[in-house]
Amino acid sequence: MCQLETKRKMPEEGSGGDGFNLDGILSELGSFGKYQLLLLLLLAFRDSFLSMCNFNYIFTAAEVSFRCRVPECELLDNRYNASWTSFALDNETEVCHRLAPYTVASNDVSVLKQQWNATNSIAERCKADYFVRGEIIPCENVVYEDYNSIVAEFDLGCQPWKRTLIGTVHNLGLVVSFILSGFISDRYGRKVIIVGTPLMVGMAGLLKSFATDYWTLLVLEFLETALGYGNASMILSLETVSQNSRVVYSCILDFLSSFGGAFFGLIAWKVPYWRYMMRAIYAPLLVVVFYIFLVDEGVRWLLAHNRRDEAVRVLNKVAKINKITLSNKAKAMLEKISDDRSKAEGAGQPLPSETPQILSVLRSRKIVMRMVLIAACFFCCMFVYNGAIINSASISGNKYLNFSAMMLVAVPTRMVTALTLTKFGRKAPICVAYCLCALFFMTSAFIPKSIGWASILFYLAGKMCSSYGNFSVHVVAMEVFPTTSRNSLTNIATTVGRLGSVLASQAPLLEKYMSGLPSMVFAVVALGPAVLALLLPDTSRSALPDRVVDAERLDDDPPDTDTRLSNS
């Protein structure tokens with residue numbers, strides 16, 4: 001692949017017009033050499049465990065079946081599914097209420113002794129005749145089917161809003177996280193986020209596993225997401241390789257991470273107790289501290305911030321590890337930018353740079369309108385994508401295997417993505433994907449429960465289309481903004497999208513009002529990005545814009561230029 005990339009020529013100048021062509025040099029270095037494959041594995045390990053942690057509340061705060069504690073019968077059999085529940089807990093009563101026992105109004109002491117004397121056998125005090133049909137009283141305590149979830153440990157059974165609040169707070173924290181990580185990434189580099197956020201998530205998660213009450217856990221849940229996460233891995237992967245390989249490279253990273261996310265379903269199945277499960281998925285993130293020595297800063301970011309010597313050092317390192325000899329033209333370009341820096345420093349002149357503040361970037365009307373469109377797309381995309389995953393624990397079948405299946409559908413989806421986004425552009429594939437997504441989810445909602453396997457099949461197909469569209473919109477979002485503010489602007493748009501994730505955590509509650517209602521809502525919302533995507537520029541043939549003016553020109557039809565250098 002690398003040899004094929006170096007046989008074709010490209011224009012002398014890059015987008016900056018200064019004689020330097022980064023895409024051409026990246027093409028010579030190859031997209032899948034040893035350096036890039038090592039980076040893929042490192043980022044995939046990081047993103048796999050972050051994905052597990054990001055969805056931990058699906059199982060740690062999973063709904064648990066429970067029943068009222070009935071003092072009259074517990075000594076006879078205190079199991080959750082005791083035989084006496086058929087008459088003491090009528091099926092028509094609310095879950096947090098039970099049938100009222102008869103009260104003895106007679107003053108006849110003999111009657112009192114006959115019915116309620118402690119010397120009577122337990123069986124005599126736990127009969128159907130001792131409970132009033134049609135009259136219910138609130139539960140004083142409840143008995144859970146199992147105690148693996150925080151719902152049981154913190155007794156949240158009769159307070160379902162507290163259970164779903166965990167997912168809501170988690171996603172609200174992500175809103176803060178994506179704003180912070182975007183600004184930090186653009187200001188201090190991609191590497192800071194790639195190394196720093198997993199460490200924050202790992203430490204907060206381990207502390208969370210020792211929480212002794214609900215409110216402490218809720219605070220730690222917010223801190224974990226507010227201080228961690230971000231999408232620096234995808235940004236770095238897009239900026240590491242040349243134009244023609246960036247979609248394929250990012251797709252490979254994403255489906256490697258999806259394998260890790262799917263593995264979480266198996267971990268939760270085999271380690272069901274929430275405290276142990278948390279420690280199993282959060283502790284490995286602390287290993288990422290060694291990425292300080294293993295991961296290099298993004299070359300595009302270094303060049304955009306005039307750290308040219310470091311950029312040249314990274315490019316030469318890639319060439320050395322991949323065992324590639326750069327062409328004379330590429331070597332001349334690298335020497336030129338190093339000499340330009342040395343001359344500028346020697347003369348005491350400021351280096352030319354475009355590192356504008358975010359507010360100055362937003363003076364561009366095109367960029368503002370583009371960000372609004374992408375934000376609206378993200379809101380719909382994330383509501384459908386996260387809602388489908390969260391709701392997977394509520395559909396028929398094994399909830400652990402359902403979750404793993406939801407994550408694994410990303411693998412074939414990314415293969416299709418890599419082929420179609422490059423061949424057919426960006427707009428049409430996104431539009432078609434979300435139209436199919438709406439069709440599949442709506443069909444799933446109306447399939448009778450008697451053929452539940454068909455409902456799950458259509459649900460998985462809808463989730464696959466949602467995964468395709470969600471990833472594609474992220475790719476487009478990162479391709480339409482300039483390098484100096486790419487992560488900040490993308491994450492501002494993503495912040496609005498996270499509000500969709502906040503609402504998505506409440507989706508399982510819709511099932512109580514109507515069977516299949518969550519899937520119907522997903523279907524309707526999926527039509528949003530199907531329409532909005534048509535208004536965005538098609539970036540499939542464009543190099544990543546480094547400057548604001550380059551980003552603004554994306555609305556024009558880009559020339560079908562070759563981005564490779566010759567070997568001369």
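Residues numbered from 1 in each chain as written. Predicted model: local features only at pLDDT ≥ 70, side-chain atom pairs only at ≥ 80, totals over all residues. Heavy atoms only, no water.

**Structural notes on the side chain of D47**
And step 1. Within the fold, D47 resides in helix α3 (residues 34-54).
And step 2. Leaving out residues up to four positions away in the same chain, D47 has contacts with S233, L253 and S257. (Helix = DSSP H or I, 4+ residues; strand = E, 2+ residues; numbered from the N terminus. Contact = heavy atoms within 4.5 Å.)

**Some remarks on the packing of α3 against helix α13 (residues 246-270)**
And step 1. Viewed as axis vectors pointing N to C, α3 and α13 meet at an angle of 40°, and their least axial separation amounts to 8 Å. Our pair here, α3 against α13, has a crossing hand that is right-handed. Across from Q36, L39, L40, L43, A44, D47, S48, S51 and M52 in α3, the residues of α13 making contact are Y249, I252, L253, L256, S257, G260, G261, F263, F264 and I267.
And step 2. Partitioned by chemical class, the residues of the contact of α3 with α13 number twelve nonpolar, six polar and one charged. (Axes fitted to C-alpha atoms, helices over the stretch in contact; angles between N-to-C directions. Left-handed = near helix turned anticlockwise from the far one by under 90°. Nonpolar A, V, L, I, M, F, W, Y, C, P; charged D, E, K, R; others polar.)

**A look at the environment of L326**
And step 1. As for its placement among the helices and strands, L326 is situated in the loop between α17 (308-321) and α18 (328-346).
And step 2. On the basis of relative accessibility, which here comes to 7%, the residue L326 falls in the buried class.
And step 3. Here the alpha-carbon distance between L326 and N316, two residues ten residues apart in the chain, equals 8.8 Å.
And step 4. Those residues in contact with L326, other than ones at most four positions away along the chain, are I25, E28, L29, N316, A319, K331 and L334. (Buried < 20%, exposed > 50% of the residue type's maximum accessible area, 1.4 Å probe, protein only.)

**Some words on the packing of aromatic side chains**
And step 1. Going through the model one piece at a time under the given rule, you end up with 14 aromatic pairs.
And step 2. Relative to F264, the ring of F59 lies with its centre 5.4 Å away and its plane at 70°, an arrangement referred to as edge-to-face. Within this pair, whereas F59 is found in helix α4 (residues 57-60), its partner F264 is found in helix α13, the two being separated by 205 residues in sequence.
And step 3. Residue F59 is classed as buried on the basis of its relative accessible area, which comes to 5%.
And step 4. A centroid spacing of 6.4 Å and a plane angle of 10° characterise the contact between W269 and Y400, whose relative ring orientation is stacked. (Phe/Tyr/Trp six-rings, centres within 6.5 Å; stacked < 30°, edge-to-face > 60°.)

**Here we look at the pairing of strand β2 (residues 97-101)**
And step 1. Among the five residues that make up β2, four are buried, leaving the element largely enclosed by the rest of the structure.
And step 2. Pairing of β2 with strand β3 (residues 131-138), which is carried by five bridges, proceeds in the antiparallel orientation. Its bridge partner being in β3, P101 is matched across the sheet by F131. (Pairing = 2+ DSSP bridges.)

**A closer look at the state of the cysteines**
And step 1. Enumeration over the complete set of coordinates arrives at two disulfides.
And step 2. Across a sulfur-sulfur distance of 1.3 Å, C68 and C139 are joined as a disulfide pair. Pair noted here: C68 is in strand β1 (residues 66-68) and C139 is in the loop between β3 and β4 (142-144), with a separation of 71 residues, a long-range link. As far as burial versus exposure is concerned, C68 and C139 are alike and both buried. (Disulfide = S-S within 2.5 Å.)

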